[in-house]
Amino acid sequence: MSAAWRQCGAILAAAAAQLQTASAAAGVITCGALAEAPASGDTTRVLLFPMGDVATRDGRRYRLDGAEHAAQVIAASVAYAGRRQIPVDYDHQLVYGVGAAGPNKAGGGQAPAAGWIDPATLAADAQGIWADVAWTQTAAARLAAREYRYLSPSFRAGKDGRLASIGGSFRIRSRSGL
């Protein structure tokens, strides 16, 4: 486990403790895991990508190299999004499923949003790149029911694993790849 993910685990534990004691506090998703389910319409601050080296479950490695690199990634991500909000879907439906944008094109189906990220909320700190997610009523209920727990990021990286941009879409899942 990398130092960045150990640090994220500590942040997640601290956030969960804070959320349990502050009933009106907004939820926080860090390192892919939902600390507490948001209420319908709530906006949740999420860690989209941690600072440092990251290894996926299948062994691929990616990295975010510090504040200057994070600023470049945010600028590229905002430029890619344009004026559109970034969708959060269920189980990669926009990429691989019924949204028909990816290699498993099903066509004609639906890929409902679980939430939306305003690119203007992208920001970086010592932990990584963060943004705010505005959850739909259905997603808030499904998160509260623990049907979903993890946020899976979408990002582009160079052959060396260095992050280039984030956020064509994100998804909530019952299993995390990071």
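Since the model is a prediction, treat every value here as computed from it, not as a measurement.

Cut-offs used in this document
Residues numbered from 1 in each chain as written. Predicted model: local features only at pLDDT ≥ 70, side-chain atom pairs only at ≥ 80, totals over all residues. Heavy atoms only, no water. Core = buried A, V, L, I, M, F, W, Y, C linked by side-chain atoms within 4.5 Å. Buried < 20%, exposed > 50% of the residue type's maximum accessible area, 1.4 Å probe, protein only. Helix = DSSP H or I, 4+ residues; strand = E, 2+ residues; numbered from the N terminus. Contact = heavy atoms within 4.5 Å. Salt bridge = Lys/Arg side-chain N within 4 Å of Asp/Glu carboxyl O. Pairing = 2+ DSSP bridges.

A. How the structure looks around the nonpolar core. Counting residues in hydrophobic clusters, the biggest one holds 29 residues, and the most contacted among them are Leu48, Val88 and Ile172. Of all elements in the fold, only β3 (43-50), β5 (61-64), α2 (67-81), β6 (86-90), β9 (128-135), α4 (137-144), β12 (163-166) and β13 (170-173) reach the threshold of two or more residues within this core. Leave out the neighbours within four places in its chain, and valine 88 touches Ala113, Ala114, Gly115, Trp116, Ile117, Val133, Trp135, Leu151, Phe170, Arg171 and Ile172.

B. Structural detail: the pattern of salt bridges. As enumerated under the stated definition, the model contains 7 salt bridges in all. Across the pair aspartate 132 and arginine 45 runs a salt bridge whose closest N-O atoms are separated by 2.8 Å. Taken together, the residues aspartate 132 in strand β9 and arginine 45 in strand β3 connect sequence positions 87 residues apart. Of the charged contacts in the structure, one is a salt bridge between arginine 63 and aspartate 160, with a shortest N-O distance of 3.7 Å. Residue arginine 63 is found in strand β5, and its partner aspartate 160 is found in the loop between β11 (155-157) and β12; the two are separated by 97 residues along the sequence. When its relative accessible area of 23% is taken as the criterion, arginine 63 is described as partly exposed. Connected via shared salt-bridge partners are Arg63, Asp65, Asp160 and Arg162.

C. Spatial organisation of the pairing of β12. Across 3 bridges, the pairing between β11 and β12 is antiparallel. When the bridges of β12 are listed, alanine 157 appears paired with leucine 163. Between β11 and β12, which pair antiparallel and follow one another directly, the connecting turn spans 5 residues, one of which, glycine 161, has a positive phi of 90 degrees.

So, to be careful, I would describe these as geometric facts and stop short of saying anything about function.
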